[in-house]
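Survey of secondary and tertiary structure
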Amino acid sequence: MHTPVATNIRSRGFTLVELLIVMVIVAILSAIAIPSYRQHVLKVKRADAQTALTGWAQRLERCYTRYNRYTGFPASDLVCTFTTADTADGTYRITLDTPSAQTFTLTATPLGYQLEDTRCNVMTINQAGQQTASGTDGNTKCW
């Protein structure tokens, strides 16, 4: 004799095998998506550093136009005064090297999580607009 209760139990939920299949699918998708997302975040932060470098270079060029040098600005000119600066999110430190009054090199050094960016690590720009980057991708892909 069959009871109608036995057929209703099967249609109420998921089996363990079905749940395991769903978990495997989610794990596979996560294994693909998370590294891709991390690379994208590193690339976006790299673009922030490039923006900061070119912005500071333009600022120094305006100061050069005004004073005909990259160093020795009056203390009252706060626009031309450069100190070591971090990008807005703190992933790069921008430093200025002025070996002479006619040359400069701005360097962006990664900080924190951005140190994992081995493709484009330290980036620089100088007074002639030459852009360089250390890392596995080199200048052409980093800039």
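The structure under discussion appears in the preceding block.
What comes next is a walk through the structure. (Residues numbered from 1 in each chain as written. Predicted model: local features only at pLDDT ≥ 70, side-chain atom pairs only at ≥ 80, totals over all residues. Heavy atoms only, no water.)

1. Some thoughts on the state of the cysteines
Test applied: Pairs of cysteine sulfur atoms within 2.5 Å are identified as disulfides in what follows. What counts as a helix is a DSSP run of H or I of at least four residues, what counts as a strand is a run of E of at least two, and both are numbered from the N terminus. For every residue, the accessible area obtained with a 1.4 Å probe (protein chains only) is divided by the maximum for its type, and the residue is called buried under 20%, exposed over 50%, and partly exposed between those limits.
In this structure the tally under the stated criterion is two disulfides. Two residues, Cys63 and Cys80, share a disulfide whose sulfurs are 1.9 Å apart. Its S-S torsion of about -105° marks the bond between Cys63 and Cys80 as left-handed, since a negative value means left-handed. Separated by 17 residues along the polypeptide, Cys63 in helix α2 (residues 16–67) and Cys80 in the loop between α2 and β1 (85–86) bring together distant segments of the chain. Note on accessibility: Cys63 and Cys80 belong to one class, buried. Here Cys120 is linked by a disulfide to Cys142, with a sulfur-sulfur distance of 1.8 Å. Linking Cys120 and Cys142, the disulfide has an S-S dihedral of approximately -90° and is accordingly described as left-handed. Residue Cys120 is located in the loop between β3 (103–110) and β4 (123–126), and its partner Cys142 is located in helix α3 (residues 138–142); the two are separated by 22 residues in the primary sequence. Each bonded cysteine of the protein is numbered by sequence order, and under that numbering the disulfide pairs are 1-2, 3-4.

2. Section: a nonpolar patch on the surface
As a reminder of what qualifies: Patches draw on residues past 30% relative accessible area with no salt bridge. Two like charges within 9 Å are joined, as are two nonpolar side chains (Val, Leu, Ile, Met, Phe, Trp, Tyr) within 5 Å. With residues, only the protein chains shown are counted as cover, and all accessible areas are computed by Shrake-Rupley using a 1.4 Å probe. Should a side-chain nitrogen of Lys or Arg be within 4 Å of a carboxyl oxygen of Asp or Glu, the pair is scored as a salt bridge.
Side chains of Val17, Ile21, Ile25 and Leu29 sit close together on the surface and give an oily, nonpolar patch of about 390 Å² of accessible area. The residue Ile25 is located in helix α2 in this model.

3. Some points on the nonpolar core
Heads up, the rule is: Residues belong to a common nonpolar core when they are buried Ala, Val, Leu, Ile, Met, Phe, Trp, Tyr or Cys residues joined through side-chain atoms within 4.5 Å. The contact definition used throughout considers only heavy atoms, calling two residues in contact when any of these lie within 4.5 Å.
Leu53, Trp56, Ile94, Phe104, Leu106, Ala108 and Met123 are the most contacted members of the largest nonpolar core, which has 19 residues in total. Put simply, the parts of the chain that give this core at least two residues each are α2, β2 (92–100), β3 and β4. In terms of residues, this core owes the most to one element, α2, which gives six residues. Contacts of Trp56, omitting those with residues within four sequence positions, involve Thr81, Phe82, Ala85, Ile94 and Leu106.

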